[in-house]
Amino acid sequence: MTHSTPPPPTPSPLLSEFSNDPEMAELIESFTSELPERVQAILAAVGEGRVSDLKRLSHQLKGAAGGYGFPTLGEAAGRVEDGLRATADPTTALKAIAEDVRALVDLCTRASAGKS
Amino acid sequence: MDPTTTQLEDARPTVLVIDDSADVHRLLKARLKQEEVELVSVTDPREGLSIAASQTPALVLLDLDMPGMDGFEVLRQLKDTPGTHHIPVIVVSGMTSMQDKVTAFELGAVDFVCKPFEFTELRVRLRSALRVHRLLQMLSTRAQLDGLTGLWNRAYFDQRLSEEVSRCARSGRPMAVAIADCDHFKSINDTFGHPAGDAVLQGLAKILRRECRNSDSVCRYGGEEFVILMPDTKPADAAAVCERIREAIEAAVWPRHPERKVTASFGVAGTSQATPNNPTAFVDAADKNLYVSKKAGRNRVTMTELSPSLTGTAAAA
């Protein structure tokens, strides 16, 4: 008796608003290729409770992502930053933004330059 | 220094970007490629301040939230420093509260653009700030120019003289001041009319500008009197320049009155060594020598070498 396991769902890629702009192609490519590194840095900061590093990382991503044509990613980063600024106690702050971090990481993994 | 060359801005003005995010620099470089600007990118605010002072860019794009030194402090220091206070600053920031905007403008920013920015918007705001800056510069240059002759005016001369005299007091380098006055100018006006008098003043200005060097500042001092500021020039060399100018004026032929020559008298004062910081001493001594030239029959140059105690005796050159 065999039963087949369904393949894991492939997340739908998130494309840059400027994916048709030749002047931006190279920049988007380098931004998306560096995203895994940023995700690692964000997760490490969360894991080690480094709130100020997390604030800086999300702040930079908030400012940059929109420029590369990923406004939803920038907004997600903004929610993480705002959440951290709203609470003074680091432990409470990290707990409060856990869901926002998950959403941000999800968007980062889906962001694609459009060509593989 | 020829006023016409300093009046015009560079064709490609420098824009200094101070932002700690490498992404912003990359994006701006791509998005402002079509603009006629030279981008200088700096991630360290302190380095930004020193580049602003050494390169005096036409515009600064300044981020607020930077580690080490916040953008408001950078703005404050730019506006407190004489060499950079006139540079327009556009604040570009993700801190978008009303209070941040108000603070930025109160500290002297000309504009505020929120991050993440729309590049089309940033482009037009950048152009607008550069245009206003260029017009302001033109205006301040115009206020220092003489309308009739296009030479620098007395206000400009007074400012340059005090700068030069204090530099000379510090460094001990030579400098000289020459005053030239058109001989019998009233009689030219009375005989040939005021338009002819104006033409003489314009002609004299042209000869002065042609015979002087680029480093000299040629100014109309008032009426038919001109003054030349000569940095790094020993009094004897200044007198030689004036003698050359005197000959050129005497040789000139005037279309409105070919039969009537025009001449000018000169008074020169200068120093070859460190002198007390006293701008009026130079002008007074040059003026005294002009009087000596007039008394001795006009159309001549009289020069004085000022001693470190600022006394000197006139000698006909």
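Residues numbered from 1 in each chain as written. Chains lettered and ligands numbered in written order. Predicted model: local features only at pLDDT ≥ 70, side-chain atom pairs only at ≥ 80, totals over all residues. Heavy atoms only, no water.

(A) How the structure looks around the overall build of chain A. Scanning chain A from terminus to terminus reveals 5 helices and 2 strands. Listing the helices and strands of chain A from first to last along the sequence gives β-α-α-α-α-α-β. Within chain A, the proportion of its 116 residues that are buried is 41%. Residue pairs at least 24 apart in sequence account for 67% of intrachain contacts in chain A once pairs closer than 6 positions are excluded. Summed over all atoms, the accessible surface of chain A reaches about 6700 Å², with 56% contributed by carbon and sulfur. (Helix = DSSP H or I, 4+ residues; strand = E, 2+ residues; numbered from the N terminus. Buried < 20%, exposed > 50% of the residue type's maximum accessible area, 1.4 Å probe, protein only. Contact = heavy atoms within 4.5 Å. Areas by Shrake-Rupley, 256 points an atom, 1.4 Å probe, with all protein chains shown as cover.)

(B) Focus on the environment of Gln202(B). Residues and elements named next belong to chain B. On the secondary structure map, Gln202 appears in helix α9 (residues 194-211). The class for Gln202 is partly exposed, based on a relative accessible area of 38%. Residues Gln202 and Val15, 187 residues apart in the sequence, show an inter-C-alpha distance of 39 Å.

(C) Fine view of the nonpolar core. The biggest cluster of nonpolar side chains holds 52 residues, and the ones touching the most others in it are Leu61(A), Phe70(A), Leu73(A), Leu104(A) and Leu28(B). Here this core gets 8 residues from one element, more than from any other, and that element is helix α1 (residues 22-47) of chain A. Residue contacts for Leu104(A): discarding those within four places in its chain leaves Ile42(A), Leu61(A), Leu73(A), Ala76(A), Ala77(A) and Val80(A). Ala180(B), Ile207(B), Val262(B) and Phe266(B) belong to the second-largest nonpolar core, a separate cluster that totals 33 residues. (Core = buried A, V, L, I, M, F, W, Y, C linked by side-chain atoms within 4.5 Å.)

(D) Representation of the side chain of Asn153(B) in the model. All names here are of chain B. Counting through the fold element by element, Asn153 comes out in the loop between α6 (119-142) and α7 (154-171). Of note is the side chain of Asn153, whose polar atom sits 3.0 Å from the backbone nitrogen of Tyr156. Apart from the residues within four sequence positions on either side, Asn153 is in contact with Ala143, Gln144, Leu145, Asp146, Cys219 and Arg220. (Polar contact = N/O pair within 3.5 Å; in protein donor to acceptor, adjacent residues only side chain to side chain.)

(E) A look at the pattern of salt bridges. Under the criterion given, the structure shown has 35 salt bridges over all chains. A salt bridge links Arg50(A) to Glu48(A); its shortest N-O distance comes to 2.9 Å. Judged by relative accessible area, which is 31%, Arg50(A) ranks as partly exposed. The class of Glu48(A) is exposed, set by a relative accessible area of 55%. Glu211(B) is paired through a salt bridge with Arg210(B); the nearest N and O atoms lie 3.4 Å apart. Glu211(B) gets classed as buried once you look at its relative accessible area, which sits at 17%. Within this structure, Arg160(B), Glu163(B), Glu164(B), Arg167(B), Arg173(B) and Asp232(B) form a network of salt bridges that share partners. (Salt bridge = Lys/Arg side-chain N within 4 Å of Asp/Glu carboxyl O.)

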